[in-house]
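# A look at the structure
So you can see what is in the structure, the chains are spelled out below.
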Amino acid sequence: RKALLIAKELYDPELISAALVREGITFKQQDFLPEAIAYFKQALETVKHLGYSKLEGYILLALSEAQALARQPRESWRSIYLAEKSFEHESSLPETSLIRTSKTSLTAQKGVNSVILQNFEQAIEYIDTSLIHYDPAFIRGRARLYIQKAEAYFKLGQLDACVQNVRDSYRMAQSAGSNQIMDKAKRLYHHLIQSQWGKERKVAELGNFLGEK
């Protein structure tokens, strides 16, 4: 919020938009979806048609996920489509907000949104495709994709694949210091405990691996 105030004083639309989208992400993480969507749309309007293609694409990806979480599938895929269009154009202005977006992040977001919207087989296909080209240095991002894939496999009833992806995600999340993703892995483990596989050896071993037993 301080960054937003400073950006407004500087009359810098790129920095204003970047501060707004960061606020929106915070609201999304706290499950305040209407507020998150409102901030993302405001961020988008701030830089629309100004030539900041990377930032615009980044905002659209964030907006698409919030819309998916809000059970707005048509709007979510519309935002994905617009993000895809933005990636087709080079930014006409130098961008200083250090936004990292690419066709790989677009494909990854399609996978994340597909999990949220319960298109699980499609989600796995998108995530696997994105992981082929995903920067190995972005460990937190890879961990997030693996836990999303684990959830998809859980919903599809594929225990072995689910457990392996939980393990992979947790290991990466530990390396990146992401408590949020580690907590997601543990929540999925507890779903496994309460499922038809609750007494399976693989589930018990996963519990030991996660330090839950």
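This next bit is on helix α9 (residues 159-176). Taking 1.5 Å as the rise per residue, α9 with 18 residues should run 26 Å; its terminal C-alpha atoms sit 26 Å apart, in good agreement. When we look at burial in α9, the residues that qualify are Leu159, Cys162, Val163, Asn165, Val166, Ser169, Tyr170, Met172 and Ala173. Contacts from the buried residues of α9 go to α8 (139-155), α10 (179-193) and α11 (201-210). Just beyond α9, the residue with positive phi is Gly177, at close to 70°.

This part takes up the packing of aromatic side chains. Under the definition given, this model contains five aromatic pairs. On the basis of an interplanar angle of 85° and a centroid distance of 6.5 Å, the ring pair of Tyr134 and Phe138 is categorised as edge-to-face. The class of Phe138 is partly exposed, set by a relative accessible area of 32%. Measuring from ring centre to ring centre gives 5.9 Å for Tyr170 and Phe209, while their planes differ by 65°; the resulting arrangement is edge-to-face. On the criterion of sequence distance, the pair formed by Tyr170 in helix α9 and Phe209 in helix α11 is long-range, its members being 39 residues apart. Put simply, the rings of Phe27, Phe32 and Tyr39 touch in pairs and so form one group of aromatic residues. One residue, Arg167, lies across the ring of Phe209, its end atom 4.7 Å from the ring centre.

For the rest of this paragraph, the subject is the side chain of Ser169. Inspection of the secondary structure assignment puts Ser169 in helix α9. Look past the residues within four positions of Ser169 in its chain and what remains in contact with it is Ala143, Tyr146, Ile147 and Ile181.

Further remarks concern the pattern of salt bridges. This model, assessed by the stated rule, comprises seven salt bridges. A salt bridge links Glu84 to Lys110, with the nearest nitrogen and oxygen atoms 3.6 Å apart. Of the two residues, Glu84 sits in helix α5 (residues 73-86) while Lys110 sits in helix α6 (residues 103-116), which places them 26 residues apart along the sequence. Of the residues examined, Glu84 reaches a relative accessible area of 34% and is grouped as partly exposed. Judged by relative accessible area, which is 14%, Lys110 ranks as buried. Sharing partners across several salt bridges, the network here consists of Lys28, Glu65 and Arg144.

The rules we used
Position labels on residues start from 1 in each chain and follow its written sequence. Whole-chain, interface and lining totals are the exception, using all residues; otherwise, since this is a predicted model, local features are given only for residues with pLDDT of at least 70 and side-chain atom pairs are given and counted only at 80 or more. Computation of side-chain values covers all heavy atoms of the structure but excludes hydrogens and water. Each helix is a run of H or I in the DSSP string that is no shorter than four residues. Each strand is a run of E no shorter than two, and both are numbered from the N terminus. Residue count minus one, scaled by 1.5 Å, sets the expected span of a helix. Exposed residues in this analysis have more than 50% of their type's maximum accessible area, buried residues have under 20%, and partly exposed residues fall in between, with area computed by a 1.4 Å probe over protein chains only. Note on contacts: a residue pair is in contact if any heavy atoms of the two residues lie within 4.5 Å. Only Phe, Tyr and Trp rings take part, Trp by its six-membered ring, and two of them pair if their centres are within 6.5 Å. Stacked means planes under 30 degrees apart, edge-to-face means over 60, and tilted covers everything else. As a reminder, the over-ring test applies to NZ of lysine and CZ of arginine, requiring each to be within 6 Å of the ring centre and within 35 degrees of the ring normal. Any Lys or Arg side-chain nitrogen found within 4 Å of a carboxyl oxygen on Asp or Glu counts as a salt bridge.

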